[in-house]
Amino acid sequence: MPPPPDPGLAQRIVSFVRTLRAAGLPLGVGRSALALEAAKRVDIGNRAEFSAALRSVLTAGPAEGVLFDCAFAMFFGNAAAFARLGDLHELGLRSMGEARPPPGALRMLRAMDSASNLIAAPGAQRAIAGAGYSPQERLASTDFAQMTPEEQAQARELLRRGVLCPKRIGRRYKSAAHGPRIDLQATLRAGLASGGELVRLKRKARLAEPMSLVLLFDVSGSMTTYARMAIHFAHALCSARRNVEAFVFATRLTRVTRELRGRDADVATAAALKAAPDWEGGTRIAEALRQFNRQWSRRVLARPGMVLLFSDGLERAYVEELRFEAARLRRSCKRLVWLNPLLGYKDFEPRARGVRALLPAVHEHRPGHNVDSLLGLADALE
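The structure displayed is predicted, hence computed values, not measured ones.

Procedures and definitions
Residues numbered from 1 in each chain as written. Predicted model: local features only at pLDDT ≥ 70, side-chain atom pairs only at ≥ 80, totals over all residues. Heavy atoms only, no water. pLDDT = per-residue confidence, 0-100. Helix = DSSP H or I, 4+ residues; strand = E, 2+ residues; numbered from the N terminus. Contact = heavy atoms within 4.5 Å. Axes fitted to C-alpha atoms, helices over the stretch in contact; angles between N-to-C directions. Left-handed = near helix turned anticlockwise from the far one by under 90°. Nonpolar A, V, L, I, M, F, W, Y, C, P; charged D, E, K, R; others polar. Core = buried A, V, L, I, M, F, W, Y, C linked by side-chain atoms within 4.5 Å. Buried < 20%, exposed > 50% of the residue type's maximum accessible area, 1.4 Å probe, protein only. Phe/Tyr/Trp six-rings, centres within 6.5 Å; stacked < 30°, edge-to-face > 60°. Lys NZ or Arg CZ within 6 Å of the ring centre and 35° of its normal. Pairing = 2+ DSSP bridges. Right-handed = clockwise from strand over helix to strand, strands pointing away.

A.B. asks: Honestly, the confidence of the model for the chain in this entry has me stumped. Any pointers?
C.D. replies: In low-pLDDT segments, the atomic positions of the prediction should not be examined closely. Looking at the chain as a whole, its pLDDT mean stands at 75, while 75% of the residues score no less than 70. The least confident element of the chain is helix 6 (residues 124–127), whose mean pLDDT is 37; the most confident is strand 6 (residues 253–255), at 94. Segment residues 78–104 is flagged for pLDDT under 50; beyond a separation of four residues in sequence, or across chains, it makes 52 contacts in the model. Counted against residues more than four places away or in other chains, residues 116–134, with its pLDDT under 50, gives 36 contacts.

A.B. asks: Just to check I follow, could you spell out the packing of helix 12 (residues 285–300) against helix 13 (residues 319–332) for this structure?
C.D. replies: Taken N-terminus to C-terminus, the directions of helix 12 and helix 13 make an angle of 35°; their axes are 8 Å apart at the nearest point. As for how helix 12 packs across helix 13, the hand of that crossing is left-handed. Of the residues in helix 13, those touching helix 12 at Ile-285, Ala-286, Leu-289, Arg-290, Phe-292, Asn-293, Arg-294 and Ser-297 are Glu-321, Leu-322, Glu-325, Ala-326, Arg-328, Leu-329 and Ser-332. Taken together, the residues that form the contact of helix 12 with helix 13 break down as seven nonpolar, three polar and five charged.

A.B. asks: Even after reading the chapter, I still don't get the nonpolar core, so can you show me in this structure?
C.D. replies: Soluble globular proteins tend to pack their nonpolar side chains together in the buried interior. Among the nonpolar cores identified, the biggest contains 71 residues, and Leu-215, Leu-216, Phe-217 and Phe-292 are the most heavily contacted of them. Residue contributions to this core peak at nine residues, all from helix 10 (residues 224–240). Look past the residues within four positions of Phe-292 in its chain and what remains in contact with it is Val-214, Leu-216, Phe-247, Leu-253, Ser-297, Val-300, Leu-301 and Leu-329. Membership of the second largest hydrophobic core comes to 23 residues, among which are Ala-35, Val-42, Phe-50 and Phe-76.

A.B. asks: For this particular structure, what's the right way to read the packing of helix 10 against helix 11 (residues 265–275)?
C.D. replies: To characterise two packed helices, one gives the angle between the axes of the helices and the distance between these axes. As a packed pair, helix 10 and helix 11 sit with axes 10 Å apart at the nearest point and diverge in direction by 115°. The element helix 10 and its partner helix 11 pack so that their crossing is right-handed. Residue-level inspection shows Arg-228, Ile-231, His-232 and His-235 of helix 10 in contact with helix 11, the latter providing Ala-265, Asp-266, Ala-268, Thr-269, Ala-272 and Leu-273. Of the residues belonging to the contact of helix 10 with helix 11, the class tally is five nonpolar, three polar and two charged.

A.B. asks: What should I look at first to understand the packing of aromatic side chains in this one?
C.D. replies: Both the distance between ring centres and the angle between the ring planes are used here to describe each pair of aromatic rings. The full count for this structure, using the stated rule, is eight aromatic pairs. Between Phe-247 and Phe-292 the ring centres are 5.4 Å apart and the planes differ by 80°, which places this aromatic pair in the edge-to-face class. You can see Phe-247 sitting in strand 5 (residues 244–249) and its partner Phe-292 sitting in helix 12, a full 45 residues away along the chain. Judged by relative accessible area, Phe-247 falls into the buried class, the value being 1%. One aromatic cluster in this structure is built from Phe-16, Phe-50, Phe-68 and Phe-72. In this arrangement the basic side chain of Arg-299 is found over the ring face of Trp-296, its NZ or CZ atom lying 4.5 Å from the centre.

A.B. asks: Whenever I open this one, the pairing of strand 8 (residues 335–340) confuses me. Can you help?
C.D. replies: For a regular strand, the rule is simple: side chains alternate between the two faces of the sheet. Counting buried positions along strand 8 yields five of six residues, so the element is predominantly enclosed. Relative to strand 8, strand 7 (residues 305–310) is paired through five bridges, and the arrangement is parallel. Its bridge partner lying in strand 8, Leu-309 is registered against Trp-338. As a crossover connection, the stretch from strand 7 through helix 13 into strand 8 is right-handed. Note that strand 8 and strand 9 (residues 364–367) share four bridges and pair parallel. Each residue of the ladder has a partner; that of Leu-339, found in strand 9, is Arg-366. Handedness of the β-α-β unit built from strand 8, helix 14 (residues 353–358) and strand 9 comes out right-handed.

A.B. asks: Looking at this structure, I do not really get the environment of His-232. What am I missing?
C.D. replies: Assignment of secondary structure puts His-232 in helix 10. With a relative accessible area of 12%, His-232 lands in the buried category. A C-alpha to C-alpha distance of 6.4 Å links His-232 and Thr-269, two positions 37 residues apart in sequence.

Following this line, the structure appears as structure tokens:
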């Protein structure tokens, strides 16, 4: 018979059962004793065998199995498996437009956070080998709709520290140490100092220069949770560089660049939301794009720039107008990138008419549901 688990591992198993109970699993006090007994009867060095033994006494269905897998990955190493927390988004979802998280998902997050100081018991890692749990990695991959207020504050700080500044390769050549072209004028000027002898060839290259960036963020009712985080992302971009223009829209377009220039993030974002009279209102994406194309496009896209459209694309009434205005916007910018929170769902399909109208016009369709998706724009901003 395998040796019994050491005290450190036993304490971790008990904390593991308490966390599952706090997340909503119907586990009585006797389940901890059953879990400890199951651990005595298997080889705890065999991760699959150990997991199956605990699962057999602690779960009673597929939904509970997903919660079990997420908690097991946290308590017993294997941080990569912890990414399965994203599967919680799919449980109980009957439509792509449902914004609320499935039952139990938010409780699991809170239960894990409260138990994070209990999973470092001495001796437990000697029994189960595996990588440690990284709260920052989990937070970066958590859907904004699943976050607690405290986690949202941490996510805003991650966005502020990790924001990128887009650049593009300019047309003009400038002096460079290892450029592909010879700078004849600079070479001749340098030769005058050596009596007319061309000692060294000077070179030049096209250098990267800041790209103008336009933000069009949907703040309608269906985007409320994601829009608040997106506004903080917009503030981080506006603070990082000057050639960024920010607009928000629901039923009308509102320029909020001046409000987002403020130094304090909370004050600036609050001012931006206050400036939008249609915050959490209906959705008229076509009208917002029409206003931008007619009133602002030539002003803010005078130089070739990029447009980030943050929206779920759920336009229903003016689909043909949306198709026309989106195509017009594409012709006005160098690159049109659509950030869609609905892409965070594994089974997302472009069934909505507004989504199908927008897709042909955008250069790239990317998810925008968590910190990783917003900060993972490096390849799109080149």
